[in-house]
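This is what each chain is made of:
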2 protein chains.
Amino acid sequence: MSKWVYTFGNGAAEGTAKDKNLLGGKGANLAEMNLIGIPVPAGFTVTTDACVHYYANNKTNPADLDAQVRGGVEYVEKIMGKKFADRENPLLLSVRSGARVSMPGMMNTVLNLGLNDETVLALARASNDERFAYDSYRRFIMMFSDVVLDADIDLFEHALEKVKEDKGYKFDTELTAEDLKHLVEQFKEIGKKIGKEFPQDPWEQLNRGITAVFNSWMTKKAVTYRRLNNIPGDWGTAVNVQAMVFGNAGDDCATGVCFSRDPATGENMFYGEYLINAQGEDVVAGIRTPLPMAKDNSSQTSLEEAMPTVYKELCEIREKLEKHYKDMQDMEFTVEHGKLWMLQTRNGKRTATAAVRIAVEMVDEGLLNKEEAILSVKAEQLDHLLHPTLDPKATKKVIATGLPASPGAAVGRAVFSADDAVAWVAKGEKTMLIRVETSPEDIAGMDAAQGIITARGGMTSHAAVVARGMGKPCVSGSADIRIDYTSKTMKTMSGTVINEGDWVSIDGGKGEIIEGQMPTVSAELTGNFGKLMEWVDSLKVLEIRANAETPRDAKQAREFGCEGIGLARTEHMFFEGTRITDMREMILADDETGRRGALNKLLPHQRTDFIELFKIMDGMPVTVRLIDPPLHEFVPHAEADQRELASKIGKTYEFVAQRVSALHEQNPMLGHRGCRLCITYPEICEMQTRAILEAALECKKQGIKVMPEIEVPLVGSKKELDLVKAVIDATAAQIFAEKGESIEYKVGSMIELPRAALLADEIAQSCEFFGFGTNDLTQTTLGMSRDDTAQILDEYRTRGVYVADPFASIDVPGVGKLVETAVQLGRKAKGHDIHMGVCGEHGGDPQSIEFFHQTGMDFVSCSPFRIPIAKLAAAQAAVKYPRK
Amino acid sequence: MSKWVYTFGNGAAEGTAKDKNLLGGKGANLAEMNLIGIPVPAGFTVTTDACVHYYANNKTNPADLDAQVRGGVEYVEKIMGKKFADRENPLLLSVRSGARVSMPGMMNTVLNLGLNDETVLALARASNDERFAYDSYRRFIMMFSDVVLDADIDLFEHALEKVKEDKGYKFDTELTAEDLKHLVEQFKEIGKKIGKEFPQDPWEQLNRGITAVFNSWMTKKAVTYRRLNNIPGDWGTAVNVQAMVFGNAGDDCATGVCFSRDPATGENMFYGEYLINAQGEDVVAGIRTPLPMAKDNSSQTSLEEAMPTVYKELCEIREKLEKHYKDMQDMEFTVEHGKLWMLQTRNGKRTATAAVRIAVEMVDEGLLNKEEAILSVKAEQLDHLLHPTLDPKATKKVIATGLPASPGAAVGRAVFSADDAVAWVAKGEKTMLIRVETSPEDIAGMDAAQGIITARGGMTSHAAVVARGMGKPCVSGSADIRIDYTSKTMKTMSGTVINEGDWVSIDGGKGEIIEGQMPTVSAELTGNFGKLMEWVDSLKVLEIRANAETPRDAKQAREFGCEGIGLARTEHMFFEGTRITDMREMILADDETGRRGALNKLLPHQRTDFIELFKIMDGMPVTVRLIDPPLHEFVPHAEADQRELASKIGKTYEFVAQRVSALHEQNPMLGHRGCRLCITYPEICEMQTRAILEAALECKKQGIKVMPEIEVPLVGSKKELDLVKAVIDATAAQIFAEKGESIEYKVGSMIELPRAALLADEIAQSCEFFGFGTNDLTQTTLGMSRDDTAQILDEYRTRGVYVADPFASIDVPGVGKLVETAVQLGRKAKGHDIHMGVCGEHGGDPQSIEFFHQTGMDFVSCSPFRIPIAKLAAAQAAVKYPRK
């Protein structure tokens, strides 16, 4: 018999914080809080295993689940001194989801469960507040009908509005107990009429509530959220059933959300919001504007002032939890008639700035050591710190302000729906998503946009929480703006009108909304960030190089602390200015002589480029990849362009058209490209080798330390590499003889075809380094062209075939197996006499970096902006998996 | 110190027949013949290692080679009682190539080496024949100038012709000793004038002769021959240096080529040709028409009559060698003044008919056991027996006859050069190559043509030998025809003119040339062939299935003894008749409803097809692959066709054009195809499952034994397969419920992506069989699109990157490693509960089959015509590598 139910309450618990996989994050922490003496309403957790069982068995619960749930309820009854479904002193329950990792707002919750026509009377008696009891009951019926019965909730809303209208009320709070009793009857009638009758039996309510949470694991929005966050669909969610406590049972009641440090700045202060006489969802929903925890200079009444004893107790809990979890905590609490209950604690989401500050300060405070501090910062999040902020010297027209919900600068064109944001971005536009408020349905649009503006909602509103998680700038709850979805406009109090497509900028750190397209400046990389990066550098094993070929990128990469260039793509250099004409002449030439003529024109340009690059990278290795793409990528395909080219290179249009069409390939990815070009046209390889080595000699003469590495792409066998290497070495020998001077250079092989990985031991014999091209390796191993399968991959991720996008994060079981094989074969052949690294886009992805570290790779190479991220990820990997 | 030289002579030898890799085939057999007491002129072999050393060291011979060669010459001198470079009794040498496998006519030979202005006098004295001595000398200078000095041979030919003209001679034989002396002087002058002076020093002649043989390993024709025959370029050739014996030193001299059985029919008779007073090359070159070995009914003088003692000795040697080598021998001999010398023996090339007959008869004779007999037939060669012969009932107009040089029927359009043959075939035409005679330069054209006709040359002429090796029908030496290359015509004695492009047929078994395009009939599969195949069936382990979907192919496959269908491609069924319109309607439909409508129209057609297929395959498994190619392959791309389709399916042209363009993919090989289609459009999978299983139920009702297997293409992960399998199983359950009847079926996965091979253990969990799609697996593993890289692959094979075409014969080190991995993982997961086989084109390639047998595969599937070949290859593999 499996154990599906784990109880907790009154200082005891069957689980601990370590049981996140089984009990979900929320459930595991509820158990843990009990164990360390924090007041938590008693309850029990239905395991994620039960949810997995549910889906594996055609949506059927385990046979023995019901009995175990009844056991759990009995346990709660004993502690709380109430009885579920009792007419005298009824126990009411909350039913909440809780997956391994937090998926805020994505799944269902049912509160006040256990109320029916009889228990409501008892609640009225017990609370001595009939209005409270019937308000709770009508809320419960609405929530249950919506979430569990999947009824059309508008019918209920409509009935509620009708009563208010009839009575001339403005707010829900004006409804009397009698109004609410009447409404409850109406609600029950509506349910019956539409065939979704509200069940009076509390046990039926409970069972269906639990099942509803299981079902919510598979809603479209939950699936989308998981896809965006690479969360596997087969984990399932746990269900937490807990005794209800009421923050809305009078003015000695309250509810709140708080953080043990400021999640935006990282400052060590008690940060949070609360509302008197409210239920938890009211704070998060952003309908009433919440009040601050600690006393400040504003006129708002803080919790510290309103409920000093509770505040003091909360402060102690804050300290206790932070010390216990060694991390900043995000907590939910409810005060019921003056008694404090903790409903949740978890490691708090935070901005990148906050993450870095908290990590560094916790080391200063002696709470963490450097290794732990490094592990506490999400590498991916650093991205946020590295990107530009608004240029402080530029004049800006602030047209409105709001809450500084998520810091950073964003500039984009106004759109007013998530769908529009996605559509505009697909067309290559940058967008600013402007919404009254956001809901989980907007996730895809938020992800697509540069930044987010909302008119409603606090610092813990959906928009704010999600934006911070994504590292997207956000200004929330701006009272200065009016948004009209019909005309797609945003109007400010001062009369400025922003139409769809107009440029808008925001400073998410200040809460400013600015008209127009603002210039931006680079990030500061000193202070806490600098300190953290020092630790990172001392701990990481992997060398971090940059993928860069332009001087701008190379300089940026050095600024971010790169340790060399891991991939300079030479073909990019052929597109600039007039070079493309020479390149095209070369491609369309009749014979080798024609090609050599055109190549001679390209040589000085490419040599100049390399000189510049080598100067910037003084003292560091620079890996230059020989020409890779199929030649048809360089030639024009439109008739007009072909005619123009023909006249430029002195050929007929027909000649050009015929040659271009001869270059056409069915599957260019698998065609005449990479080293196949160098083998067919060795003169290209000669020219490139000459440009690289002549540049290197020139720099050496100027006292610059050059470490050129020549990389051969798309190698599939040792023999192929040998043929190209022979051309490189012969050209080098010739240059050295001409100049009477030489320089050391290395020759390496890309490993980007399955065959190369499988025969890496042989290939290693002929080269001094490997550059893993994991983009192409992924395309060939999966048989998926990145250009053609974006839609299929989306569908595949939705259906759980792949968890993460295999082009963003390396497919460990498949492609990873080949990478591992290649590293092992390479080492077996040459030990550490061969240098190995990754230069695909995976080189900048933290999860992939962790894997590459484990394989025994020597370096990763990534785009300049991802270098600090890669370094942090490398350090984290080194801490988690120390190399011998 | 390496040993580069192996001597032989006078019953002793340093090597044996087992040293083929080191000494080449010729050298190893020369050694062996010595050891078994057969008269062979003494000599020595320079090893293939020396040749490999030569190429690995920038064309330099090993430092100690010269000394070892001198040692070898001393050895020969001692045995032959003559001295190299001696003015009194000079030893003359022949220098011949000899690779591991025979490459007839591809490499260089130098005869009469050692002659100079002084030794020629000695030769004249010793032979008492001045004319013979100077004829030998002038031949030597010509050959040396041509082969070693690379001089323009036309200059020498011209000088020779000039002398004949001046003197009014018609034949070379009319030249007197004085004429020849004069010619020798002229030849030396010519050499000096063009800077290619003939060296007088015999030692220099020898060294340069050996090096010339090394160099001939890399001539263009040799490289081409190796590419066509999958011979690795790094083997190198050995060089055989032997004492000269002269078949042209008088009328008591002769030279000949003979076979221990008839190489055309396999009949156990002494077959061969000889010429009195001739050198070996004269027989092969086909300039003089040679005479038969054994006495027959013709008027020609046989060797048996001309030299009865020699003939008797030869008959004894024939028997001795055949028993010793347990195979039919191809021998060369020379008679010098009545003394018989054997110059070469090797296993003889033979026609497929001969191979089968010899194998079967040698078992009857007790010379071979069944296993050995099976190994003696080349699997690839059987192809020849399986293809049609001319229909004997059709009237035929024989316009000329020639020698029955290589049996079988061929029908093609007349071309008159090898280049034309290649060019016409590239355009999709079948050709008949018509030449005066062929030379090694014509190989590519002979390979491309259906058959070969020559006007000159005997049964052992170049055309005849090569055609038999290739299994191509050939009529050689037809005296009835006149060929004019300029007008591209062939004229017969009876006045028929065949112009380029006219249809010509030949019966290579009868030597007939027939006007027009003759009908052909299938081969007889009984007699010796049937007997051999019985042994094959009893020895092989692999099950042999057919790739077939049409009734015609399926019937053919059963006739050839297939054991089931391993691959029926369902998409081929969508092109017939009106179905393509329904298919296109399905593809262009707006939504699922539209697709289902069109699919419903396709269902009955596909069901009928399967009923027919299942009936033919009664009692055998039939693997049906679900739709595989990308959808754009089914839609029209030309505007006119799109307009026509639009009107047929009631849509606008713009709609059709837009939808077709939306289907375009950058790399369709890696795009939306295979099981990705079934996942995106499960209704297609439902329809196909329904067609298969409804057909199966219908057949079952009729008492037919149906074993349907449904195969899912392009699987990359277990989860993908699970998604498709769920649709198949649900559809099956529904059909069985509808019909109240069920049938067993299997679901399997193609393994055709590297990822599938790497994760085959997981995939095995969800299926009952694997079908290895080695075509796609090769494309993805090598990163080579078959459509786009034919030219590159040619170049790669020429340059030794690949030995064989990896799409024809499996790339064992690369793709093979993945196949092996997948088989092992599959077995680890499921042992023999999973059935595994190959259904790519490699399934019919003997070398690949040997590899698949070794991996532990259960079956291979190939095109119907290759089934007997596959069976024989499977039996050979089983004999060579018995499974435990």
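Check the entry above for the structure.
Everything in this summary refers to the structure shown in the same document. Just so it is clear, the structure is predicted and the values come from calculations on it, not from any experiment. Note on numbering: residues in each chain are counted from 1, in written sequence order. Lettering for chains starts from A, numbering for ligands starts from 1, and both go in the order in which the items are written. Local features in this predicted model are restricted to residues whose pLDDT is 70 or higher, and side-chain atom pairs enter the listing and the counts only when it is 80 or higher, whereas totals over whole chains, interfaces and linings include all residues. With hydrogens and water set aside, each side-chain value is computed from the structure's full complement of heavy atoms.

## Things to note about the relation of the copies chain A and chain B
Test applied: Here the copies are superposed with least squares, the fitted atoms being C-alpha atoms of residues at a pLDDT of at least 70 in both. By definition, residues are in contact when any of their heavy atoms lie within 4.5 Å.
The operation relating chain A to chain B is a screw motion whose rotation component is 180°, with 0.0 Å of axial translation and a residual RMSD of 0.2 Å. Both copies are brought into coincidence by an operation consistent with a two-fold rotation axis. Minimal C-alpha distance to the rotation axis in chain A is attained by N667 of chain A, lying at 2.1 Å. Both copies present the same face, since 100% of the interface residues in chain A are matched by interface residues at the equivalent positions in chain B.

## Things to note about the side chain of K871 of chain A
Formally: Segments assigned H or I by DSSP are reported as helices when at least four residues long, segments assigned E as strands when at least two residues long, and all are numbered from the N terminus.
Here K871 of chain A lies in helix α34 (residues 867-880). Those residues within four positions of K871 of chain A in sequence are excluded, and the remaining contacts are M533, V536, D537, K540, I544, F560, G561 and E563 of chain A.

## Thoughts on the packing of helix α13 (residues 352-364) of chain A against helix α19 (residues 527-539) of chain A
Residues and elements named next belong to chain A. Operational definition: Between the N-to-C directions of two axes lies an angle of 0 to 180 degrees, each axis being a line fitted to C-alpha atoms and, for a helix, fitted only over the stretch in contact. The scheme is simple: roughly parallel for angles under 35 degrees, roughly antiparallel for over 145, roughly perpendicular for 65 to 115, oblique for anything else. Two helices that cross are described as forming a left-handed crossing if the nearer one is turned anticlockwise from the farther one by less than a right angle, and a right-handed crossing if clockwise. All residues other than Ala, Val, Leu, Ile, Met, Phe, Trp, Tyr, Cys, Pro, Asp, Glu, Lys and Arg, Gly among them, are scored as polar; the first ten of these are nonpolar and the last four charged.
In contact at an axis separation of 9 Å, α13 and α19 are set at 70° when each is read in the N-to-C sense. Comparing the axis directions of α13 and α19 gives the class roughly perpendicular. Crossing geometry of α13 relative to α19 is assigned as left-handed. From α13, V356, R357, A359, V360, V363 and D364 reach across to α19, where they touch N528, F529, K531, L532 and W535. Classifying every residue of the contact of α13 with α19 gives 7 nonpolar, 1 polar and 3 charged.

## Observations regarding the sheet that holds strand β33 (residues 835-838) of chain A
In a beta sheet, neighbouring strands pair by backbone hydrogen bonds and run either parallel or antiparallel. Residues and elements named next belong to chain A. Keep this limit in mind: Two strands are counted as paired when DSSP detects at least two bridges linking them.
The 8 strands lie next to each other as β27-β28-β29-β30-β31-β32-β33-β34, forming a closed barrel whose pairing is parallel. When strand polarity is set aside, the average angle formed by the axes of neighbouring strands in this sheet is 30°. With 5 bridges connecting them, strand β29 (residues 621-625) and strand β30 (residues 707-712) associate as parallel partners. Residue P621 lies in a different strand from β30, and its bridge partner there is M707. Contacts from helix α22 (residues 592-616) reach β28 (565-569), β29 and β30, with the element oriented near 150° to β29.

## A few points about the state of the cysteines
Note the following rule: Throughout, a disulfide means two cysteine sulfur atoms within 2.5 Å of one another. Type-normalised accessible area, obtained with a 1.4 Å probe on protein chains alone, sets the label of each residue: buried when under 20%, exposed when over 50%, and partly exposed for intermediate values.
Under the counting rule described, the total for this entry stands at 0 disulfides over all chains. Unpaired in this structure, C258 of chain A has its nearest cysteine sulfur neighbour in C315 of chain A, at a distance of 9.0 Å. C675 of chain B provides the cysteine sulfur closest to C767 of chain B, a residue in no disulfide bond, and the two sulfurs are 12 Å apart. Given a relative accessible area of 3%, C767 of chain B falls into the buried group.

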